[in-house]
Every structure is written in C-alpha cells, then in structure tokens.
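# An overview of the molecular structure
Given next are the chains, with one letter for each unit.
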Amino acid sequence: MTAVLSVRDLGVTFDTPRGPARAVDGVSFDLHAGETLALVGESGCGKTVTALSILRLLPDAARVAPGASITYAGADILKLEAEPLRQVRGAGIAMVFQEPMTSLNPVLSVGWQIAETVLAHKSVGRATADARAIEVMKLVGIADAEDRYRAYPHQLSGGLCQRVMIAMALACEPKVLIADEPTTALDVTIQAQILELLVDLKRRLGLSVLLISHDLALVSGVADRIAVMYGGHIVEEAATADVFAKPVHPYTEGLLGAVPRIDRPELRLAAIPGNVPPATEWPAGCRFHPRCAHAWDRCSTGEPGLVAAGANRTARCWLIEEPGRRKSS
Amino acid sequence: MTGPSIRSSAHPPIRPFIEVSGLTREYAAERAWLERRVTFRAVNDVSLTIGRGETLGLVGESGSGKTTLGRCIIRLIEPTEGTIHMDGTDVRALESATLRQFRRRMQIVFQDATGALNPRMRVGQAVKEPIEVHRLARGADADARVATLFQEVGLDPSYRDRYPHELSGGQRQRVVIARALSVEPEFIVLDEPVSALDVSVQAQVLNLLGDLKRKRGLTYLFIAHDLAVVRHIADHVAVMYLGRIVETAPAATLYGDPRHPYTRALLSAVPVADPKPGRARIVLAGDPPSPLKPPPGCPFHQRCFHPKKNSRCATERPELRVLDGAHRVACHFADEWP
Amino acid sequence: MIADLVGSRSVRRALGAAGIVATLAFSAPWLSPYDPNEHLDAVELRIAGPSWHHPLGTDLFSRDVLSRVLYGTRVSLTVAALSVLVSVTLGTAVGMAAWLAGGAVDTVLMRLVDGALAIPRILLLLVIAALWNHINLAALVAILGLTSWFGTSRVVRAEVLSARAREYVAAARSLGLSRVRIATQHVLPNIAGPILVAASLGVGQIILVEAGLSFLGLGLAPPTASLGAMIQEGQSFVYQAPWVVVAPGVVIVLTVLVFSALGESLREALDPRSGGRPA
C-alpha cells in the first residue's frame, strides 16, 4: 500500500503563561490510499492539533518542531509557499469540522459557498461552478439540491449543514478528507446518517479519510486502522479489529473498558482513575503512568518509544519489553 | 427544617414515589410585533411514575422536550398543565415559601458543571451554602459536613478553597453532585450529567452515581441522549419524541424488545464498540419535525419505516397504550412487527 | 476577582495615575501657594503671565491660577465621585429591583428608563439647573447623580439577565435559596465587574458634564473654583491670557483620559476572553 499522506516526528508547542505546552510530540503515521485511519483520544490528547497542522491551520502561537515533515504528493506541506499551499487545501486535502453551523458563513447561501470553493481552485466560470455545487450537493444526499442551493445555513438543520460542509470539502475532488469529530454535535439518528454517508463516499470516490474522534465505539464501525493518542503521543496504532480484540497499551484497554456498551450492561464500568494532566505538566517517564494499573518504577523514569508490538501494530509501552509485568485484571 | 405537612404522605402504600400526570409545558413561539400569539408544546401531556429507589432513564434527541420535562417535575420551570406528586405531596400546589423548603427533597445535577457553579464562589462555600440556608448545620458542623460530602463524591476536602475554574471538568461535576447531596434529597434529576465529560471520566462519574444511589437509597430521573449510558444506570426507560413519551418499559424489555419504530432506530444507531460486522443498521431518513408544526397523526409517521405503516398513521395519533405489564407504546402497529 | 484586577499591569498603571490625580486634588489646601479666592493685587497681578511666584499665572481678578486649578480639580472630582456613587447605587438598585420584582414592574421600570434615556441629558440638566436658583455642591451631586443612572440601570439589568440565564442561578433556585439571596450572593458578585467599569467611565463623563454646566454658568455659584467655571471666566480674554483657560482645560482632558483608561483596563482585565491572569 502506498501512503498518500505521511506525517513524521510532528511536534507542536504552544507558549502559555504556565510555560510551554507540548500539545503534540513525536507523532508519525501514514495514511494509505483508500483507507480510513482514526485518530482517537480524549480532549487534550493532541488529535485536533495534529489535524490542524496537516493543513497548516494552527494559530500563530503554535510552534512546529523543526524536524517535523508532512509529505503529500511528494512535497513537504510544512515548507510550502502560500500559493501551492492554497492548492493543497481544498483540492488535495479537505477538512470537515465539528460545528457545521458555525463553520458556514451565515449571510451567504450554502450553494454559493460551495461554488466559491470551486472557483477558488478551478479556472471555470460561474455557471460551471454552480452546476458543480449542485452536483456535489446531490452526491452527499441533499434532496432538492437546486432549491437548497439558495438556502442560508440557519434555514437548514444541523445534519443538513454537515452535509453541506462535506459537499464543500468534496467539491474540488480532494484525495484526502480530514473529518474532525464530524458527528459529535449531531443527534444520534443524524449521526448515523452522516457516518453512513462518509463510508459510502469513501468507497465511491476512493478517498483516504483521517477521522478524528473521541468515540471508540463510533470509530469501530468505520475505521480500517486506529491510532490512539494520549498526552500528545500516539500510544498505540493497529488495525481496528486488533485494537478491539487485544489492546496492547493500558490506556487503550482502559478506554475500551470505560465505554458504556449497550450490549453489555454490567453494573460497573472499568473507569481509568484520575484526569488527563494539562499539556504543560506531562509527568516524567511514560505520560500515562500515574493513571496506569500496571505501572512500575521504570515507567516513572524512562519514556518508552513507539515500537512494534506484533504484526502491523505498534505501541508505546514498557510492557512490550517486559510482558510479565502485566497484571491480569 | 421541613414541616410535618410536607413530610406526611397522603396515600403512602398506593401511590408511586414520583407520579406525573398530564404534564404539559407551553411556550410562546417567537413572533413579529402585533402578530397573533402562537404557542407550541415543548412537553405534551406526559404521564410517568418512578418507584422509590428506582432510576427512570429519559431518552430523546435535542428538541424532544426531555430537559424541559425534567425541570418541570422539580418546578424549576412552571408546567402549564398537569399534576406532579412526590411521596404523596402535590408539588404543583406548593406556595413559594413551602416550595423552597420542599426543594431539599428534590435536586438536580446539570450537564454543564461549569455553568452550574458560581464562578466567583469557592466550591466549598457552594456546598456549604445550602446546608446553612436549610439550617441543617452551621459553622464548624457545616464545614465537617462539607468535608464528608467531598470525600463521598471522591474529592479531596482540601479542594474546598478552590474556585471552579481551578478544577477539571470531572471534579466540577463531583462538586455539583456534592452540592445536590448536601441537602439530603430523596429524588435527583440528572440532566445529562456525563455528556460533557471525557470517556474515562464519564465512567468514573457514572460509577459514582450508581454507588450513591445504592448507599443513600436515592431515586433518579436520568436524562440522556446516549442510550448506552442509560443502559448502565436505568431500571426503567422512557423514550421521548417531540414532547411526548412514545415508549416506556423496564430497561431489559426496552432494550431487548423495543416496539416503537423510533426506539428501534435509536437503538440501532448507537455505535457499539465492536468492529465485527453483522449488525443491520436502521438509518432514519430526514430530521425530526419542528415542535412548532407537529405533523398530524403520529408525530413519527414521516420518518417511520414500519412495514405496516398506512394512511391511519398520518391522521390518527396513537395513544400510549399498555402492551404488556409495564411496557407501553404509542404506535398503532406495535405488536405487528414481522 | 480583586486578585485578577490587581494582577493586571494596565489596571495597576491606570489606578496609579488616578491615585496621583486624586492625591493632588485632595491635597489642594496644602499644595496651593495661595488662597484660590483671594484677590492678590488688582493692579500688579491682573492677568499676569506665568512667573516664579505664580507658575500658571493669575486671572482677571488677580487670583493664582495654580491654586484655583488644584481646588477646582478637587471640586470636580468630588462632584464626579459622589454623583457616580449616587447613579451607580440607584442604577444597580433599580436594575436588580426590576429583575427581582419581574413581570409588569420590570416592564414598567424599563420603559420609564427608556423614556428617560430618550430625553437629551444636557437639555434635562439645563432645565433643572435653570429652575434652581443657587446651586451648592449637594444640589449639583443630586442633579448629576439623579440624571445619570438610567444607563447604569440598563447595563445592570442586561447583566442580570445574562447572569440569570446562567445555570448557576437555576442551581441556586433548585437548592431552595431565596430570590434576595440569589440576587446578592450569586448574581451581584458576577456583575460587579461591569458595574465597576461603568462607574470609572462615569467619573470621566461627569467631569465633562460638570465642566459643561459650569461653562454655561449653571454650575456651582461663584467664586467657587471649578474647572469649567475657570474656562468660562477666562474665555473672554483668551488671547491676552491663554494660561487662564489652558491650565484647567489640560487638567480636564488628563483627568477624563485617566478615568477612561481605568475603565478600559478594568473591562479588559475582567473579560474572560482576555485569558485570565497575565503572568
């Protein structure tokens, strides 16, 4: 498989009054052609910052580590000049955000906004752009696309707005779609519609999808591979089935145990103790060790690297070297 | 102090602990100047009961009226019609002074713990204030109670001098729970108490709520949009759609044998943390209709996928009827699934 | 909150500047080289220019301008501070009362305030001042205070409304706290910031209004030194003796600027979006 997008040693630091916050640290992954890779983690784990770095949408206060590279179509996005970067955004890599209502301009009709994206990337006339807008609106399952072209965001429901956002992202036929919590703001039944749509579009258009989510359950039905993030690191990466069958990293294990499951209503959930520390105060050693059930002295002094933990999977944990230390639960 | 008139129960053995009947809350819709007043019903003729020590899970999507219903029951929002009884007391008949005293017995925990705490009040004071207002203790005794409550909800008592913004989201929600417990309530409305929390913290708080219920014999109304969360905590479940309850049953029945098409769709839409294929998903078409213009007939008929659906559904609204014991459904064809 | 404010460098700076102005003004009896109302020498010192003995010169009646400016600032600041105290107290009380009473009382109060706001303030002041024969300090404070609370009451009520929509007020109600307790313990501390901002901006405004009234001859009765009255007295011979007008003018501008800066820095320090406590 060939990688469409390669992220290497990505580090992002924010300067805060409490000192530098290392929001993302040493993150590397490949997104292969036609696959869906999910970046999963709780708030503050660095998944959104990773997604924003790929399109260079980080706020000015962010500093990207000097050794980092993000390779797309043979070029390092981090080193692109303004114009080629603009071409990558939208036409190469497109992004869908969590809040469709606030991501759309309230005073412009939704169809017009989609057509604008087309005009920005293709040397076509207004009529062609409008036709393309209506075409992609139909593609994402918007009924009466011709009428809805003239609708303003506030006249549409949250689910429809998210479809418009997806249509806008797809208008210039990108190779990669980054979806940052695309269903979190939506109701359960609408969430199912949007997920179904993403799966369907990926198959029909041969997209590569980077799905950012906090919800392991949601990701399980959509992703081919999962990268779990904690404390700015990827702590485990493996095929979806492997992650669920036998999580290697204790944090992944903990997350799986903490998710309430409709099919298994046990009385108690296996909660992970404690809280995610702020990015200014990562503990020494393994960043998860204060909350880890298996931790021993090595975990509080040495920081484990991301190493192979079986076929086609990696994890960042000393248990891989010393499996005997794993406590049976 | 609570007067004897409040504590006494008129018919203790017969009535359920919480009994809500015909509850309706109307709102005036936004209108232009001098336009005719239009009202809509956020909660429409809802009746429900909760037994002492039980948890009723109230499930629905945004706009279903579940939050309004929860707040009407404890009279944070005044209902337009209907009756509410708690332990035999007619809650709607309480005058403001007696209502304030009665609030000791019914409490609420909010979804947004940050908004529910006064940003300029130390969290220890936030828990102590109701203790003193209700004259349950004062001075050092009240402080001791605060310390005990902090420990009970899993917070270090040294946190009492902090302001809300100095705590994490999970810790703030623990403070809100401690504050609700400070007046020793019997009934608590939990309005999406874990929706804003991260998964690992959500599990901590859910476990805490379960422990507190068992230890203190509390009765819960647990409002949520997440059916998986409700599955873990509720004894009974009621599903709301467009201001009405469309199905209610003991949890095992509702999750095992749902009869309303909306319940079925909701259940099938819940993601399960299991990548194995094989689950057939029902994906509903369209959005819920606006409560301003509820459709005639069954409120769900436009999105319904029941094979027996016919013209009757578009004209005649199905009443909530008993299907089997405590299982009630508002669907003409609830017992005609293939 | 107080820690937040004192922690802000711009607030500290503005407070310092306001402190200097106030100290100078209220030390007038000790700092002034002369009695501000004494006619020193009607012949030699009639509109005499700045000199070693009279750094800011003298006016038409041979009074020392520096002494008059110091005393005048004291009068203007006193009037402004007391008027703001009256207006903020009244505005807060009315705004809170409107919310506490609710319903019809709220509507009526706020419509009355709207009506009062629709009357140009300067006209209102002119009418009242003209009807009054002899204006002393208390009367001036009353006039200015009683005509400037409408805006504050609007601000307070708007803040109360937004605070009321916050869930901690619902939480307080659910805990069985009384409305008065909710108003004083939960709502008031959360709207104290905007009130403080309104007050410090109000001081600057009232100094201007007071100067305007005095300039029109409707302020404190002469010979009391006030900054506006000094400009009015000096305007007829501004070409021969500009110092008589310039000195009080500069003081007015500086004082208003200082209090505006204080209001702005308070607003910034209290704005949650500004990111809390600067390092």
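Here the structure is a predicted model, which is why all the values come from computation and not from measurement.

The rules we used
- Residues numbered from 1 in each chain as written.
- Chains lettered and ligands numbered in written order.
- Predicted model: local features only at pLDDT ≥ 70, side-chain atom pairs only at ≥ 80, totals over all residues.
- Heavy atoms only, no water.
- Helix = DSSP H or I, 4+ residues; strand = E, 2+ residues; numbered from the N terminus.
- Rg over C-alpha atoms; globule rule 2.2 N^0.38 Å.
- Buried < 20%, exposed > 50% of the residue type's maximum accessible area, 1.4 Å probe, protein only.
- Contact = heavy atoms within 4.5 Å.
- Areas by Shrake-Rupley, 256 points an atom, 1.4 Å probe, with all protein chains shown as cover.
- Lys, Arg positive; Asp, Glu negative; His and termini not counted.
- Charge placed at Lys NZ, Arg CZ, Asp CG, Glu CD.
- Phe/Tyr/Trp six-rings, centres within 6.5 Å; stacked < 30°, edge-to-face > 60°.
- Buried area = accessible area lost by both parts, 1.4 Å probe.
- Salt bridge = Lys/Arg side-chain N within 4 Å of Asp/Glu carboxyl O.
- Polar contact = N/O pair within 3.5 Å; in protein donor to acceptor, adjacent residues only side chain to side chain.
- Pairing = 2+ DSSP bridges.
- Axes fitted to C-alpha atoms, helices over the stretch in contact; angles between N-to-C directions.
- Patch = residues over 30% accessible without salt bridge, like charges linked within 9 Å, V, L, I, M, F, W, Y side chains within 5 Å.
- Parallel < 35°, antiparallel > 145°, perpendicular 65-115°, else oblique.
- Left-handed = near helix turned anticlockwise from the far one by under 90°.
- Right-handed = clockwise from strand over helix to strand, strands pointing away.
- pLDDT = per-residue confidence, 0-100.
- Core = buried A, V, L, I, M, F, W, Y, C linked by side-chain atoms within 4.5 Å.

### A look at the overall build of chain A
A count of helices and strands for chain A gives twelve helices and 13 strands. Scaling as 2.2 N^0.38, a compact globule of 329 residues should have a C-alpha radius of gyration of about 20 Å, and chain A matches this with 21 Å. Each principal axis of the C-alpha atoms in chain A carries an extent, and together these give about 65 × 50 × 40 Å. Going through the 329 residues of chain A one by one, you find that 54% of them count as buried. Taking all contacts inside chain A whose residues are at least 6 apart in sequence as the whole, residues at least 24 apart take part in 65%.

### Points about the overall build of chain B
Helices and strands together make up the secondary structure of chain B, namely twelve helices and twelve strands. Over its C-alpha atoms chain B spans a radius of gyration of 21 Å, differing by no more than 12% from the 20 Å that the globule rule assigns to 338 residues. Summarising its shape, the C-alpha atoms of chain B cover approximately 70 × 50 × 50 Å along the three principal directions. Each of the 338 residues in chain B was classed as buried or not, and the buried ones make up 57%. For chain B, the share of sequence-separated contacts (at least 6 apart) that also reach a separation of at least 24 residues comes to 62%. Carbon and sulfur atoms make up 49% of the accessible area of chain B, which totals about 14,000 Å². Charge centroids of chain B, computed over 46 positive and 38 negative side chains, lie 1 Å from each other.

### Focus: the packing of aromatic side chains
Remark: the centre distance and the inter-plane angle together describe each pair of aromatic rings, the angle taken between the planes. Residues and elements named next belong to chain A. Overall, the coordinates contain nine aromatic pairs over all chains when judged by the stated rule. Summarising the aromatic geometry, the rings of tyrosine 230 and phenylalanine 288 are spaced 5.1 Å apart at their centres and angled 85 degrees between planes, so their arrangement reads as edge-to-face. Of this pair, tyrosine 230 sits in strand β10 (residues 225-230) while phenylalanine 288 sits in the loop between α11 (250-258) and α12 (297-301), and the two are 58 residues apart along the sequence. Residue classification places phenylalanine 288 among the buried residues on the basis of a relative accessible area of 4%.

### Overview of the environment of Leu198(A)
Residues and elements named next belong to chain A. Tracing the sequence through the fold places leucine 198 in helix α8 (residues 188-205). Note on leucine 198: relative accessible area 8%, which makes it buried. With 133 residues separating them in the primary sequence, leucine 198 and alanine 65 have C-alpha atoms 32 Å apart. Those residues within four positions of leucine 198 in sequence are excluded, and the remaining contacts are Ile166, Leu177 and Pro182.

### Describing the interface of chain A and chain B
Many structure descriptions define interface size as the accessible area lost when the parts assemble. Contact with chain A, which involves 39 residues of that partner, is made by 40 residues of chain B. Counting each side, the surface lost to burial between chain A and chain B is near 3,500 Å², with a carbon and sulfur contribution of 57%. Of all residues in chain A, Val188(A), Thr189(A) and Ile262(A) bury the most surface against chain B, accounting for 20% of the area lost on that side. Inspection of the region where chain A meets chain B yields zero salt bridges. Inspection of the region where chain A meets chain B yields 15 residue pairs in polar contact (both at pLDDT 80 or more). For the side of chain A that touches chain B, the elements supplying multiple residues, two or more each, are α8, α9 (216-220), α10 (240-245) and α11 of chain A.

### Describing the side chain of Gln171(B)
Counting through the fold element by element, Gln171(B) comes out in helix α7 (residues 169-181). Residues within four places of Gln171(B) in sequence aside, it is in contact with Asn275(A), Leu155(B) and Tyr159(B).

### Some words on the sheet that holds strand β1 (residues 18-28) of chain B
All names here are of chain B. What the four strands build is an open sheet, ordered β2-β1-β4-β5; its pairing is antiparallel. Each having just a single partner strand, β2 (39-50) and β5 (89-90) make up the two edges of the open sheet. As paired elements, β1 and β2 share eight bridges and run antiparallel to each other. Each residue of the ladder has a partner; that of arginine 25, found in β2, is valine 43.

### Some details on the sheet that holds strand β8 (residues 219-224) of chain B
Residue and element names in this part refer to chain B. On the basis of which strands lie adjacent, the open sheet formed by eight strands has the order β6-β7-β8-β3-β9-β10-β12-β11 and mixed pairing. Bordering the open sheet on either side are β6 (106-109) and β11 (321-324), each of which pairs with just one other strand. Pairwise comparison of adjacent strand axes, ignoring direction, gives a mean angle of 20 degrees for this sheet. Direction of pairing for strand β3 (residues 55-59) relative to strand β9 (residues 236-241): parallel, over a ladder of four bridges. Paired with leucine 58 across the two strands is alanine 238, which belongs to β9. In the packing of helix α2 (residues 66-73) onto the sheet, the strands contacted are β3, β6, β7 (187-191), β8 and β9, and the crossing angle to β8 comes to about 155 degrees. Sheet contacts for helix α8 (residues 199-216): β3, β7 and β8; angle to β8, the most-contacted strand, approximately 160 degrees.

### Some words on a nonpolar patch on the surface
Taken together, Val246(C), Val250(C), Val253(C), Leu254(C) and Leu257(C) make up a surface patch of nonpolar side chains, about 440 Å² in accessible area. Locating Leu254(C) in the fold gives a position in helix α12 (residues 243-270).

### A look at the packing of helix α11 (residues 227-234) of chain C against α12(C)
Residues and elements named next belong to chain C. With their axes 8 Å apart at the nearest point, α11 and α12 run at an angle of 155 degrees to one another. Comparing their axes, α12 and α11 come out roughly antiparallel. For the crossing formed where α11 meets α12, the hand is left-handed. Together, Leu227, Met230, Ile231 and Gly234 of α11 and Val244, Val245, Pro248, Gly249, Val251 and Ile252 of α12 make up the contact between the two elements.

### Digging into the environment of Leu257(C)
Residues and elements named next belong to chain C. Mapped onto the elements of the fold, leucine 257 is located in helix α12. Assessed through its relative accessible area of 52%, leucine 257 is described here as exposed. Sequence spacing of leucine 257 and leucine 175 is 82 residues, and the spatial spacing of their C-alpha atoms is 46 Å.

### So, the pairing of strand β9 (residues 208-213) of chain A
Residue and element names in this part refer to chain A. Judged by how many residues are buried, β9 sits mostly within the fold: six of six residues are covered. Examined bridge by bridge, strand β3 (residues 36-40) and β9 share five bridges and lie parallel to one another. Along β9, the bridge assignment pairs leucine 39 with isoleucine 212. With five bridges connecting them, strand β8 (residues 176-180) and β9 associate as parallel partners. Bridging across to β9, leucine 177 finds its partner in valine 209. A crossover links β8 with its parallel partner β9, the connecting element being α8, and its sense is right-handed.

### As for the environment of Ala38(A)
Residue and element names in this part refer to chain A. Here alanine 38 shows up in strand β3. Between the C-alpha atoms of alanine 38 and arginine 261, which are 223 residues apart in sequence, the distance is 20 Å. In contact with alanine 38, other than residues within four places in its own chain, are Leu211, Val219, Ala223, Arg225, Ile226 and Ala227.

### Some details on the confidence of the model for chain A
In this model, chain A carries a mean pLDDT of 90, and residues with pLDDT of at least 70 account for 99%. Within chain A, β10(A) carries the highest mean pLDDT (96), whereas helix α3 (residues 100-103) of chain A carries the lowest (81).

### Quick look at the nonpolar core
It is characteristic of soluble globular proteins that their nonpolar side chains tend to be buried jointly. Core analysis: the biggest nonpolar cluster contains 172 residues, and Ile226(A) and Phe187(B) have the highest contact counts within it. Of all the elements, helix α7 (residues 158-170) of chain A adds the most residues to this core, at nine residues. In this view, Phe187(B) contacts Phe17(B), Ile18(B), Ile50(B), Ile73(B), Ile74(B), Met86(B), Arg105(B), Met106(B), Gln107(B), Thr219(B), Tyr220(B) and Leu221(B); residues no more than four positions away in its chain are not counted. Listed in part, the 64 residues of the second largest apolar core include Ala25(C), Val75(C), Ile135(C) and Leu175(C).

### Digging into the pattern of salt bridges
Think of it this way: side chains of opposite charge can pair up when their charged atoms draw near. By the definition in use, this model includes 53 salt bridges over all chains. Salt-bridge contacts for Arg216(B) lead to Glu152(B); the nearest nitrogen and oxygen are separated by 2.7 Å. Of the two residues, Arg216(B) is situated in helix α8 and Glu152(B) in helix α6 (residues 139-152); the sequence distance between them amounts to 64 residues. Across the salt bridge formed by Arg111(C) and Asp114(C), the nearest N and O atoms sit 3.4 Å from each other. On the criterion of helical spacing, the pair formed by Arg111(C) and Asp114(C) is a turn pair, its members being three residues apart in helix α5 (residues 103-118). The exposure class assigned to Asp114(C) is partly exposed, which follows from its relative accessible area of 29%.

### Considering helix α2 (residues 82-92) of chain A
Within the sequence span of α2(A), burial applies to Leu85(A), Val88(A), Gly90(A) and Gly92(A). Check the buried side of α2(A) and you find it contacts β5 (69-72), β7 (93-96), α4 (110-121), α7 and β8 of chain A.

### Observations regarding the pairing of β8(B)
Regular strands have side chains that alternate between both faces of the sheet. All names here are of chain B. For β8, the buried fraction is high: six of the six residues fall into the buried class. Here β8 shows two buried faces, one formed by Thr219, Leu221 and Ile223 and the other by Tyr220, Phe222 and Ala224. Examined bridge by bridge, β3 and β8 share five bridges and lie parallel to one another. Counted as the bridge partner of leucine 58 is isoleucine 223 from β8. One ladder, built from five bridges, connects β7 with β8; its direction is parallel. Looking at the pairing, valine 189 lines up with leucine 221 of β8. Where the polypeptide runs from β7 across α8 and back to β8, its parallel neighbour, the crossover connection is right-handed.

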